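# Coordinate inspection notes
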Amino acid sequence: MVTPAELRGLDAALAQARKSLAEGGIPIGSVLLDAEGVIVSVGHNLRVQTGDTTAHAETVCMRHAGRRRDWHTLTLVSTLSPCAMCTGAAVLHRVRRVIVGENRTFLGREDWLRASGIEVEVVDDLACVRIMQGFIREKPALWDEDIGVPERT
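Scope of this entry: the structure provided in the associated data block. What you see is a predicted model, and the numbers here were worked out from it, not measured in a lab.

To continue, consider the pairing of strand β5 (residues 119–122). As defined by bridge partners, strand β4 (residues 97–100) adjoins β5 across 4 bridges and the pair is classed as parallel. Bridge assignment links V98 to a residue of β5, and that residue is V120. Handedness of the crossover is the feature at issue here: the chain leaves β4, passes through helix α5 (residues 110–115), returns alongside β5, and the resulting connection is right-handed.

Structure below.
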């Protein structure tokens, strides 16, 4: 079950996704919450804006959180199901819980998160679905680039 604090976190992550889209980037946002549901850090996909292939929303959010020893108490909230790279970062730091805004447009490595003992809750938020569906429809090549799909010939 998703808590009210986690839903507020998802709203903040969605605001980050909208910020990325307004900057010409991929509309994915992420937030880290502490055990009390307070936002520790935020981030949005900056891959297009910075040219950094690792600058996905979740990794940017984790970078903004800085050096910590309490990762195991934190909840990662993302507007989209985390890819293998972002899942790996969550697994490495033993994040306690991951809230996924939606996994209709992209199913990341939720299986790996669960196999690593991380709680995963999928909200299936329509605003998250709509922003990704619109982006993928408008910029399919850029989306394929972001998720590692080779150029079509």
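Following the structure, the description resumes.
Turning our eyes to something else, we now look at the sheet that holds strand β3 (residues 75–78). The strand order β2-β1-β3-β4-β5 describes an open sheet built from 5 strands, whose pairing is mixed. Both outer strands of the open sheet, β2 (39–44) and β5, are each paired with one neighbouring strand and no more. Averaged over all pairs of adjacent strands, the angle between their axes in this sheet comes to 15°, without regard to strand direction. Bridge count for strand β1 (residues 29–33) against β3 is 4 bridges, and the pairing is antiparallel. Bridging from a neighbouring strand, V31 pairs with V77 of β3.

Thresholds applied
- Residues numbered from 1 in each chain as written.
- Predicted model: local features only at pLDDT ≥ 70, side-chain atom pairs only at ≥ 80, totals over all residues.
- Heavy atoms only, no water.
- Pairing = 2+ DSSP bridges.
- Helix = DSSP H or I, 4+ residues; strand = E, 2+ residues; numbered from the N terminus.
- Right-handed = clockwise from strand over helix to strand, strands pointing away.
- Axes fitted to C-alpha atoms, helices over the stretch in contact; angles between N-to-C directions.

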